Amino acid sequence: SAIKISPVDPNKVVAGTIGPVTNQDMWYSTNGGSSWTRVSLPLGGSGGDPAVDWSSNGGFAYATTLGNCGFSGCQVWFYRSANGGQTWTSLESVTPGDPRREFGAGADKEYIHVDKAAGSPFKDRIYICWHQNNVQYFARSADSGNTFTTSSFPTTSDERGIGSDIVTGPNGHVYYIWPGVNNRT
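Residues numbered from 1 in each chain as written. Predicted model: local features only at pLDDT ≥ 70, side-chain atom pairs only at ≥ 80, totals over all residues. Heavy atoms only, no water.

Quick notes on the sheet that holds strand β5 (residues 46-54)
Then, in step 1: A sheet is described by the order of its strands in space; here seven strands give the open sequence β5-β6-β7-β8-β9-β10-β11, paired in antiparallel fashion. What marks the edges here is a single partner per strand, and that holds for β5 and β11 (149-152). The average undirected angle you get between the axes of adjacent strands in this sheet is 30°. (Pairing = 2+ DSSP bridges. Helix = DSSP H or I, 4+ residues; strand = E, 2+ residues; numbered from the N terminus. Axes fitted to C-alpha atoms, helices over the stretch in contact; angles between N-to-C directions.)

Brief notes about the environment of Gly70
Then, in step 1: Structurally, Gly70 is set in strand β6 (residues 61-70).
Then, in step 2: Between the C-alpha atoms of Gly70 and Ala105, which are 35 residues apart in sequence, the distance is 10.0 Å.

Some words on the state of the cysteines
Then, in step 1: Going through the model one piece at a time under the given rule, you end up with one disulfide.
Then, in step 2: Considering cysteine sulfurs only, Cys74 is the nearest to Cys129, which forms no disulfide, with 16 Å between them. (Disulfide = S-S within 2.5 Å.)

Concerning the sheet that holds strand β1 (residues 2-5)
Then, in step 1: An order of β1-β2-β3-β4 is seen for the four strands of this open sheet, with the pairing classed as antiparallel. Strands at the two margins of the open sheet, each flanked by one partner only, are β1 and β4 (37-40). Each strand axis lies, on average, 20° off the axis of its neighbour in the sheet, ignoring direction.
Then, in step 2: Pairing of strand β3 (residues 24-29) with β4, which is carried by four bridges, proceeds in the antiparallel orientation. Bridging across to β4, Trp27 finds its partner in Arg38.

Following this line, the structure appears as structure tokens:
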């Protein structure tokens, strides 16, 4: 599960959970978490590892999930909501009929972070990280999730890992950490 409070309105909260039955469910609250409404992500087939965040002005809520999962792993799916999590179809304004962005193959353990630092030259840049076959990947968007650029770290054994976290500092520097599977550092 994952949960985030709007950076401008503490009454608005979004959360993601695996289930309670199958797929990833999204939840939103307009009263600081006193009550919740459950909604589904569009197109179905979501697989879990939810992560959520907000734009700095609270205009967009963002969610990631694993989807299209099979024997060789999953894709990372990114969604955007322009109404506090009530619907997750905001990206259709850019790509009609397609409410999500998809990347990765064999992906697992995705995480999302939005740079909200007032003085950052990269304010509102979205960062998503995950691993594929223990190789660390990340994607970044400078346009509220309309498009993403994807990169990976070297594939030598010392850089491989499972799971990761990504944050930004007040100057926009990106900090990306993961546990190494081979050297245990």
